[in-house]
Amino acid sequence: DAGVIQSPRHEVTEMGQEVTLRCKPISGHNSLFWYRQTMMRGLELLIYFNNNVPIDDSGMPEDRFSAKMPNASFSTLKIQPSEPRDSAVYFCASSLVTGPYYEQYFGPGTRLTVT
Amino acid sequence: AQTVTQSQPEMSVQEAETVTLSCTYDTSESDYYLFWYKQPPSRQMILVIRQEAYKQQNATENRFSVNFQKAAKSFSLKISDSQLGDAAMYFCAYSGGATNKLIFGTGTLLAVQP
């Protein structure tokens, strides 16, 4: 299996622009997670989906952030409008099913820079 | 709310020596899992080892082992025979309840000296 695939790997954009990050989970995995990593806040969960349904979005920082999972093989995280404080590495992870026993497999991350 | 604390921002070890990374956590849940993840400069998150809270036996994976002290809410990682490839950021993480969302500590940057 190719593992979790994220695109783009790097994104540089100007403040105010819309940014869309993409994730393809491992085939057959039912849970998908979006994490953000910054120096100030470390690794934090933004949102997770189970069977394509958003379960917990309490980590989404504000209304400028939105996430969708239209089908089992694709998810997007959108920031509109982007701000310099959104600069971070965004990870997508997937697991077979929901439940702490099941390992999460992380993608390589997208490094976002907002100037 | 659950919290995970790593009090060692940086550690250093000589190649072939043993090093222990510390982690404490706080939770009111009885059923949970603890993890150590490794993040090398490539930034890929790699699961190193996992411990189920209901198991008294400490988990081991080759050169990696944990010291799980449930009453003290402590979960340290021991790396034996350290290798240059072990140099990375190490994150302690907690997952509990009905979901497997991970709560991470702030990380420990491990340097391995040749």
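One can find the structure itself at the top, above this paragraph.
Values in this document were obtained by computation on a predicted structure and should not be read as measured data. (Residues numbered from 1 in each chain as written. Chains lettered and ligands numbered in written order. Predicted model: local features only at pLDDT ≥ 70, side-chain atom pairs only at ≥ 80, totals over all residues. Heavy atoms only, no water.)

Asker: Even after reading the chapter, I still don't get the overall build of chain A, so can you show me in this structure?
Answerer: When its secondary structure is counted, chain A shows zero helices and 11 strands. Going from the N terminus to the C terminus, chain A shows its helices and strands as β-β-β-β-β-β-β-β-β-β-β. Computed over its C-alpha atoms, the radius of gyration of chain A comes to 13 Å, within 12% of the 13 Å expected for a compact globule of 115 residues. Along the first, second and third principal axes, the C-alpha atoms of chain A reach 40 × 30 × 25 Å. Among the 115 residues that make up chain A, the fraction classed as buried is 49%. At a minimum sequence separation of 6, the contacts of chain A that also span at least 24 residues come to 54%. When the accessible area of chain A is evaluated, it comes to approximately 5500 Å², of which 50% is carbon and sulfur surface. The averaged location of the 12 negative side-chain charges in chain A is 3 Å from the averaged location of its 10 positive side-chain charges. (Helix = DSSP H or I, 4+ residues; strand = E, 2+ residues; numbered from the N terminus. Rg over C-alpha atoms; globule rule 2.2 N^0.38 Å. Buried < 20%, exposed > 50% of the residue type's maximum accessible area, 1.4 Å probe, protein only. Contact = heavy atoms within 4.5 Å. Areas by Shrake-Rupley, 256 points an atom, 1.4 Å probe, with all protein chains shown as cover. Lys, Arg positive; Asp, Glu negative; His and termini not counted. Charge placed at Lys NZ, Arg CZ, Asp CG, Glu CD.)

Asker: How should I be thinking about the nonpolar core in this particular structure?
Answerer: One broad rule of soluble globular proteins: the nonpolar side chains tend to lie buried together. Formed by 25 residues in total, the largest nonpolar core has its most connected members in B:Tyr25, B:Trp36, B:Phe75, B:Leu77 and B:Tyr90. Of all the secondary-structure elements, those providing two or more residues to this core are strand 3 (19-21), strand 5 (32-39), strand 6 (46-52), strand 8 (64-69), strand 9 (74-79), strand 10 (88-96) and strand 12 (108-113) of chain B. With four residues, the single largest contributor to this core is strand 10 of chain B. Among residues more than four places away in sequence, those in contact with B:Phe75 are B:Ser22, B:Cys23, B:Tyr25, B:Leu34, B:Phe35, B:Trp36, B:Gln51, B:Val66, B:Asn67, B:Phe68 and B:Cys92. Core analysis: the second largest hydrophobic core is formed by 21 residues, A:Leu21, A:Ile47, A:Ala67 and A:Tyr90 among them. (Core = buried A, V, L, I, M, F, W, Y, C linked by side-chain atoms within 4.5 Å.)

Asker: Teacher, can you tell me more about the pairing of strand 6 of chain B here?
Answerer: Successive residues of a regular strand alternate their side chains across the two faces of the sheet. All names here are of chain B. Inspection of the sheet shows strand 5 paired to strand 6 by six bridges, in the antiparallel sense. Bridge pairing in strand 6 links Phe-35 to Arg-50. If you look at the hairpin formed by strand 5 and strand 6, you'll find six residues sitting between the two strands, and Arg-43 has a positive phi there, around 70°. (Pairing = 2+ DSSP bridges.)

Asker: Would you take a moment to explain the layout of surface pockets for this structure?
Answerer: To locate leftover empty space, one rolls a probe as large as a water molecule over the atoms. Within this model, the largest pocket holds a volume of roughly 820 Å³. As for the largest pocket, its lining consists of 32 residues, of which A:Gln37, A:Thr38, A:Gly42, A:Leu43 and B:Phe91 are closest to the centre. Listed by contribution, the elements that provide at least two residues to the lining of the largest pocket are strand 4 (31-38), strand 5 (42-50), strand 9 (88-95) and strand 11 (110-114) of chain A together with strand 10 and strand 11 (103-104) of chain B. It is strand 5 of chain A that provides the largest number of residues to the lining of the largest pocket, a total of four residues. Its residues assigned to classes, the lining of the largest pocket comprises 18 nonpolar, nine polar and five charged. (1 Å grid on protein atoms, 1.4 Å probe; cavity = no way out; pocket = protein on both sides within 12 Å on 5 of 7 lines; lining within 4 Å. Points joined across faces, edges and corners; volume = space filled by probe spheres on them. Nonpolar A, V, L, I, M, F, W, Y, C, P; charged D, E, K, R; others polar.)

Asker: Looking at this structure, how should I read the state of the cysteines?
Answerer: Think of a disulfide as a covalent bridge from one cysteine sulfur atom to another cysteine sulfur atom. Scanning the entire structure with this criterion turns up two disulfides over all chains. A:Cys23 shares a disulfide with A:Cys92; S-S distance 1.9 Å. Linking A:Cys23 and A:Cys92, the disulfide has an S-S dihedral of approximately -65° and is accordingly described as left-handed. Here A:Cys23, found in strand 3 (residues 19-24), pairs with A:Cys92, found in strand 9; they are 69 residues apart in sequence, far enough to count as distant. Residue A:Cys23 is classed as buried on the basis of its relative accessible area of 1%. Paired by a disulfide, B:Cys23 and B:Cys92 hold their sulfur atoms 2.0 Å apart. Across the disulfide from B:Cys23 to B:Cys92, rotation about the S-S bond amounts to roughly -70°, and the bridge is consequently left-handed. Of this pair, B:Cys23 sits in the loop between strand 3 and strand 4 (24-26) while B:Cys92 sits in strand 10, placing them 69 residues apart in sequence. This pair shows no difference in class: B:Cys23 is buried, exactly as B:Cys92 is. (Disulfide = S-S within 2.5 Å.)

Asker: Please clarify how the sheet that holds strand 7 (residues 65-71) of chain A should be interpreted in this entry.
Answerer: In any sheet, the strands associate via hydrogen bonds between backbone groups, in a parallel or an antiparallel arrangement. All names here are of chain A. The four strands lie next to each other as 1-3-8-7, forming an open sheet whose pairing is antiparallel. Looking at which strands have only one partner, the edges of the open sheet turn out to be strand 1 (5-7) and strand 7. Each strand of the sheet is rotated relative to its neighbour by a mean of 15°, with strand direction disregarded. Note that strand 7 and strand 8 (residues 74-79) share five bridges and pair antiparallel. The residue bridging Asn-71 from the neighbouring strand is Phe-74, located in strand 8. (Axes fitted to C-alpha atoms, helices over the stretch in contact; angles between N-to-C directions.)

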